[in-house]
Amino acid sequence: MCSEEVSTHTTNAHLTDEDIPSSDTCWIQVHATTENTVVPSVQDAFEAAGALAITLSETNDTDALWEPEPGTNPLWQTTCVTGLFHANSMRHADTRDQLTRQLTSLPLINLRWEVLEDRAWEREWMKHFKPMLIANRLLIQPTLDDTDTITDTINAPATPASQTNSPSTHPAPTILRLDPGLAFGTGSHPTTQLCLTWLCQQDLSGAS
């Protein structure tokens, strides 16, 4: 891994040697914003330069595409084309300069380079997953969470499943250490919340 954090360096039209880390687990993203009629030319330039992936995305919320007709592939009027490259393929200034010349010869609105360092992507999104208190009796807490979750969660606003009673009238909840995943999901879906609330209401004394 390069770092636990993403290091991002951007310029208007180029990237210097000093901007690219020496690690082999880093990537370069090139973002070219242009009119939709120019998108194929940008894609061709990225493919010729050895892009690992090419992504098309909208640049504003007012240019949404809702339900395209079957068999059509419409693009946003203004589209951001992003090419992903391994950093090693872009270490030589001549390679970067050649791609820059190809792109700047096109009528682009904006060109931006980005260095993307590796990180534990499968864990990164879990930073946004917070513990959940269910019916004041069950606390679902991700394994990476090392805060005083019981105190923090009880003092926080109640979730819909825990609004029936005041937490202060109940003993400390049972902690269930569980990371979100394909089987359990995040636990925030209403059906999951209802099942957990029902489970908390059952007398499970002696159950295994």
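Each value, and the rule that gives it
Residues numbered from 1 in each chain as written. Predicted model: local features only at pLDDT ≥ 70, side-chain atom pairs only at ≥ 80, totals over all residues. Heavy atoms only, no water. Helix = DSSP H or I, 4+ residues; strand = E, 2+ residues; numbered from the N terminus. Buried < 20%, exposed > 50% of the residue type's maximum accessible area, 1.4 Å probe, protein only. Contact = heavy atoms within 4.5 Å. Patch = residues over 30% accessible without salt bridge, like charges linked within 9 Å, V, L, I, M, F, W, Y side chains within 5 Å. Areas by Shrake-Rupley, 256 points an atom, 1.4 Å probe, with all protein chains shown as cover. Salt bridge = Lys/Arg side-chain N within 4 Å of Asp/Glu carboxyl O. Pairing = 2+ DSSP bridges. Axes fitted to C-alpha atoms, helices over the stretch in contact; angles between N-to-C directions.

Chemist: Describe the overall build of the protein, naming the residues involved and giving the relevant values.
Modeler: Along its length, the protein carries five helices and seven strands. Listed N to C, the secondary structure of the protein is β-α-β-β-α-β-α-β-β-α-β-α in terms of helices and strands. Here the protein holds 208 residues, and 32% of them are scored as buried. Put simply, 75% of the contacts in the protein that link residues at least 6 apart link residues at least 24 apart.

Chemist: Could you give an account of a nonpolar patch on the surface, with specific residues and numbers?
Modeler: On the surface, Trp198, Leu199 and Leu204 cluster together into a nonpolar patch covering about 320 Å² of accessible area. Looking at where Leu204 falls in the secondary structure, it is placed in the segment after α5 (190–200).

Chemist: Can you explain the sheet that holds strand β7 (residues 174–177)? Please cite residues and give values.
Modeler: Spatial ordering of the open sheet is given by β5-β6-β7, a layout of three strands whose pairing is mixed. Where the open sheet ends on each side, the last strands, each with one partner, are β5 (132–134) and β7. Neighbour-to-neighbour, the strand axes of this sheet turn through a mean angle of 25 degrees, independent of strand direction. Bridge count for β5 against strand β6 (residues 138–141) is three bridges, and the pairing is antiparallel. Note on β6: the bridge partner recorded for Leu133 is Leu139. Along the sheet, α5 makes contact with β5 and β6, crossing β5 at roughly 50 degrees.

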